[in-house]
Amino acid sequence: METCEKCENHYKETPRGDEEVRSLVNRLNRIMGQLGGIKKMIEENRYCGEVLVQVSAVESAVRSFGYLVLEDHMRTCVSEKIRAGDENIVRETVELIKKLN
């Protein structure tokens, strides 16, 4: 069975350190907690404005999380591929940045 190169799982050549993984997972857990809070607000029939404020906070937290992952990507994966002569990584990174906005 043939596999699509773009569909395969990809892994970082330089793994994240334990502290970085812990920090990112903690952030995700906080975001999940915020989402749970929004769910509870909906179930309690809370005022729309209050719900929207929390939605905005979650969006901001997810965006910040994405920027942290992007920073790590540029510091490790992108710089490694550029040093190896793979200039296609620049186009890929620009597309990733567009998706974050």
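From a predicted model like this one, the values you see are computed outputs, not experimental measurements. Numbers given for residues are sequential positions, taken from 1 along each chain in its written order. pLDDT decides what is reported in this predicted model: residues at 70 or higher carry local features, side-chain atom pairs at 80 or more are listed and counted, and totals for whole chains, interfaces and linings draw on all residues regardless. Only heavy atoms go into the side-chain values, all of them from the structure, while hydrogens and water stay out.

Some thoughts on the overall build of the chain
Part 1: The helix and strand labels rest on DSSP assignments: H or I over at least four residues marks a helix, E over at least two residues marks a strand, and numbering proceeds from the N terminus. Scanning the chain from terminus to terminus reveals 3 helices and 0 strands.
Part 2: Listed N to C, the secondary structure of the chain is α-α-α in terms of helices and strands.
Part 3: Radius of gyration here is computed from C-alpha atoms only, and the compact-globule reference equals 2.2 Å multiplied by the residue count raised to the power 0.38. Its C-alpha atoms give the chain a radius of gyration of 18 Å, more than 25% over the compact-globule value 13 Å for 101 residues.
Part 4: In terms of principal-axis extent, the alpha carbons of the chain reach across some 55 × 30 × 30 Å.
Part 5: Any residue under 20% of the maximum accessible area for its type is buried, any over 50% is exposed, and the rest in between are partly exposed; the area is computed with a 1.4 Å probe on protein chains only. Per-residue burial over the chain gives 19% buried out of 101 residues.

What to know about a nonpolar patch on the surface
Part 1: On the surface, a nonpolar cluster with roughly 240 Å² of combined accessible area is contributed by Ile82, Val90 and Val94.
Part 2: Within the secondary structure, Val90 is located in helix α3 (residues 88-100). To count toward a patch, a residue needs a relative accessible area over 30% and no salt bridge; like charges are then connected within 9 Å, while nonpolar side chains (Val, Leu, Ile, Met, Phe, Trp, Tyr) are connected within 5 Å. To measure how exposed things are, a 1.4 Å probe is used in the Shrake-Rupley method; for residues, cover is taken only from the protein chains shown. What counts as a salt bridge is simple: a side-chain nitrogen of Lys or Arg found within 4 Å of a carboxyl oxygen of Asp or Glu.

What to know about the nonpolar core
Part 1: Formed by Leu24, Ile31, Ile38, Met41, Val51, Val58, Ala61 and Phe65, the largest nonpolar core amounts to 8 residues.
Part 2: At the level of secondary structure, the elements contributing two or more residues to this core comprise α1 (18-43) and α2 (48-83).
Part 3: Whether two residues are in contact is decided by their heavy atoms: any pair within 4.5 Å suffices. Residues contacting Met41, with those up to four places away along its chain left out, are Arg46, Glu50, Val51 and Gln54. Joining through side-chain atoms within 4.5 Å is the link that ties buried Ala, Val, Leu, Ile, Met, Phe, Trp, Tyr and Cys residues into a set, and such a set is a nonpolar core.

Remarks on α2
Part 1: Helix span, expected: 1.5 Å multiplied by one less than the number of residues in the helix. Taking 1.5 Å per residue, 36 residues should reach 52 Å; α2 reaches 50 Å between its end C-alpha atoms and fits that length.
Part 2: Throughout, bend refers to the angle between the axes fitted to the seven residues that end at a position and the seven residues that start at it. The largest bend in α2 is about 40°, located at Met74.
Part 3: Phi for Gly85, located one or two positions after α2, is positive at around 90°.

Focus on the pattern of salt bridges
Part 1: Under the counting rule described, the total for this entry stands at 9 salt bridges.
Part 2: In this structure, Glu44 engages Arg46 in a salt bridge whose closest nitrogen and oxygen atoms are separated by 3.6 Å.
Part 3: The class of Glu44 is partly exposed, set by a relative accessible area of 41%.
Part 4: Each of the salt bridges in this network shares a partner with another, and the network as a whole consists of Lys12, Arg16, Asp72 and Arg75.

Comments concerning unusual backbone geometry
Apart from glycine, the bulk of residues carry a negative phi angle, and the bulk of peptide bonds sit in the trans form.
Part 1: Unlike most non-glycine residues, Asn45 shows phi in positive territory, near 60°.
Part 2: Look at Asn45 and you get exposed, because its relative accessible area is 68%.

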